[in-house]
Amino acid sequence: MSIFHSLNTSSSALTAQRLRMDVVSSNMANVDSTRAKQVNGEWEPYRRKTVTLQPKEGQFASFLQAAKGVHSHGGAGNGVAVTRVKEDRETPFKLVFDPTHPDANEEGYVQMPNVDPLREMIDLMSATRSYEANVTVLNANKSMLMKALEIGR
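A quick note: this is a predicted structure, and the numbers were derived from the prediction, not measured.

1. Some words on the pattern of salt bridges
Overall, the coordinates contain eight salt bridges when judged by the stated rule. In this structure, Glu120 engages Arg48 in a salt bridge whose closest nitrogen and oxygen atoms are separated by 2.4 Å. Taken as a pair, Glu120 in helix H3 (residues 117-151) and Arg48 in the loop between strand E2 (42-44) and strand E3 (49-55) lie far apart in primary sequence, 72 residues in all. Overall, Arg48 belongs to the buried group, its relative accessible area being 3%. Between Arg89 and Glu87 there is a salt bridge, with the nearest N and O atoms lying 2.9 Å from each other.

2. Let's talk about the side chain of Ser12
For Ser12, the position within the fold is in helix H1 (residues 5-29). On the accessibility criterion, Ser12 (9% relative accessible area) is buried. Contact partners of Ser12, with chain neighbours within four places excluded, come to Lys56, Asn78, Gly79 and Val80.

3. Focus on the layout of surface pockets
Looking at the largest pocket, its volume works out to about 200 Å³. In this structure, the largest pocket is lined by Thr34, Glu42, Trp43, Glu44, Pro45, Leu95, Asp103, Asn105, Tyr109, Val110 and Gln111. Only E2 and strand E6 (109-112) provide two or more residues apiece to the lining of the largest pocket. Looking at the lining of the largest pocket residue by residue, the classes come out as five nonpolar, three polar and three charged.

4. With respect to the environment of Leu145
One can find Leu145 in helix H3. Put simply, Leu145 and Phe4 are 141 residues apart on the chain and 9.2 Å apart in space, counted from C-alpha to C-alpha.

5. A few points about H3
Look at H3: 51 Å from first C-alpha to last across 35 residues, which is about the 51 Å you get at 1.5 Å a residue. Turning to H3, its buried residues number three or more, namely Glu120, Ala127, Asn134 and Asn141. Looking at the packing, one finds that the buried side of H3 touches H1.

About the criteria used
- Residues numbered from 1 in each chain as written.
- Predicted model: local features only at pLDDT ≥ 70, side-chain atom pairs only at ≥ 80, totals over all residues.
- Heavy atoms only, no water.
- Salt bridge = Lys/Arg side-chain N within 4 Å of Asp/Glu carboxyl O.
- Helix = DSSP H or I, 4+ residues; strand = E, 2+ residues; numbered from the N terminus.
- Buried < 20%, exposed > 50% of the residue type's maximum accessible area, 1.4 Å probe, protein only.
- Contact = heavy atoms within 4.5 Å.
- 1 Å grid on protein atoms, 1.4 Å probe; cavity = no way out; pocket = protein on both sides within 12 Å on 5 of 7 lines; lining within 4 Å.
- Points joined across faces, edges and corners; volume = space filled by probe spheres on them.
- Nonpolar A, V, L, I, M, F, W, Y, C, P; charged D, E, K, R; others polar.
- Expected span 1.5 Å × (residues − 1).

See the structure below:
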């Protein structure tokens, strides 16, 4: 394990959380987009996107075993990776009555994106807090490395 291992781990977390914030921003920007893409010749509203994260290597159990001194096959973790950004196909579109809207159906209802601004704000707060925590870890690690260099003088 190199002295930069924890820096690399924190940087992967910072990158992943930044992508989460970017996806939330995209969802919020498209909260009223009724024409995101065409499906079978008809326009479909924007679909909410979500980010899936997973550890790059190892699991928490392997870290715990390593801390106890028990050797496991998982080895040390290498941070987090974004496995995919997927569309939310489970949450239905919202129907809003607006007969003057160009995308209204025969009954006057418009399909709106399945983006809930409250949910997006909660996701944004969670990603922001995770990002801040990783910045704190990165700064603490940097401080420890600097102290180690000072001892070596």
